[in-house]
Amino acid sequence: MLTIYGCLRSRASRNVWLAHEAGLDFRQVPVIQAYRLADPDAADAPMHTRSPEFLAVNPNGHIPSLVDGDLVLHESLAINLYLARRYGGVLGPADAAEDGLMGMWTLWAATEVEPHSIEILYNRVGKPPAERDAAKAEAAVAALRNPVAVLDKALAATGFLVGGRFTVADINVAEVMRYALPAPELFADAPHVKAWIAACHARPAYKQMMADREKEPA
């Protein structure tokens, strides 16, 4: 059985969403980030990213990780690409060209979007109000205007990123773009992006993941 290490209030959400989309049988080990615990070294602390048993899986001390038989993978976006290729059916690539495009959009999300979208999330929602930096959030919004325009143009033809169908590329990019949703002004001139995000978030597998996420401690 596949094992996904990580709580859903982390980038493991991407992997669980894809696993639900593909109908995979998997086990989730809800490893929590050590920084979220008042005392990670307490005897009754839950498994966390500094726990010896988790460090034996991922010595980097970050979630998520995936174990599939003898294969151990880290990095959420790479995990999704692997799962889609091996188990995802139409979620994965039909040929080398689609494989390249799915990898391209995944790396695009990681480099062009996530460094900025995470700043919007932290500084508009995630951090306590007294710790938020409005200037950082505004700078992130400015930095994302061109990537959002690029994404809007890419979605205009079919409403999907690769192959005219919903794939791992949509999951990976949508999960990175989700962090920017606290900046609705970013999407005012991006109707295709708004429709695409709404369609992604209306999928039963996404709703299932988010419902389970809401049950976790904030």
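Computed from a predicted structure; not experimentally measured.

Student: What am I meant to see in the nonpolar core here?
Tutor: Counting residues in each nonpolar core, the largest one holds 51 residues, and the members touching the most others are Trp 17, Leu 151, Leu 161, Met 177, Leu 186, Val 193 and Trp 196. If you list the elements that add at least two residues to this core, you get strand E1 (2–5), helix H1 (12–21), helix H3 (76–87), helix H4 (96–126), helix H5 (134–155), helix H6 (168–178), helix H7 (191–201) and helix H8 (204–214). Setting aside its immediate chain neighbours within four residues, Val 193 contacts Val 148, Leu 151, Asp 152, Leu 155 and Phe 187. Counting residues in hydrophobic clusters, the runner-up holds 10 residues, among them Cys 7, Val 29, Ile 63 and Val 67.

Student: What exactly am I supposed to notice about the packing of H1 against H3 here?
Tutor: If you want to describe how two helices pack, look at the angle between their axes and the distance between the axes. The contact between H1 and H3 brings their axes to 8 Å, and the two run at 15°. The pairing of H1 with H3 is recorded here as roughly parallel in orientation. The two elements H1 and H3 meet at a crossing, and its hand is right-handed. The segment H1 lies against H3, with Arg 14, Asn 15 and Leu 18 engaging Ser 76, Leu 77, Ile 79, Asn 80, Leu 83 and Ala 84. A class-by-class count of the residues in the contact of H1 with H3 yields five nonpolar, three polar and one charged.

Student: Explain the pairing of strand E4 (residues 71–74) to me, please; I cannot follow it from the model alone.
Tutor: Sheet faces and side chains relate simply in a regular strand, where the side chains alternate between the two faces. Examined bridge by bridge, strand E3 (residues 65–68) and E4 share four bridges and lie antiparallel to one another. Following the sheet pairing, Leu 66 is matched in E4 by Leu 73.

Quick notes on the rules
- Residues numbered from 1 in each chain as written.
- Predicted model: local features only at pLDDT ≥ 70, side-chain atom pairs only at ≥ 80, totals over all residues.
- Heavy atoms only, no water.
- Core = buried A, V, L, I, M, F, W, Y, C linked by side-chain atoms within 4.5 Å.
- Buried < 20%, exposed > 50% of the residue type's maximum accessible area, 1.4 Å probe, protein only.
- Helix = DSSP H or I, 4+ residues; strand = E, 2+ residues; numbered from the N terminus.
- Contact = heavy atoms within 4.5 Å.
- Axes fitted to C-alpha atoms, helices over the stretch in contact; angles between N-to-C directions.
- Parallel < 35°, antiparallel > 145°, perpendicular 65-115°, else oblique.
- Left-handed = near helix turned anticlockwise from the far one by under 90°.
- Nonpolar A, V, L, I, M, F, W, Y, C, P; charged D, E, K, R; others polar.
- Pairing = 2+ DSSP bridges.

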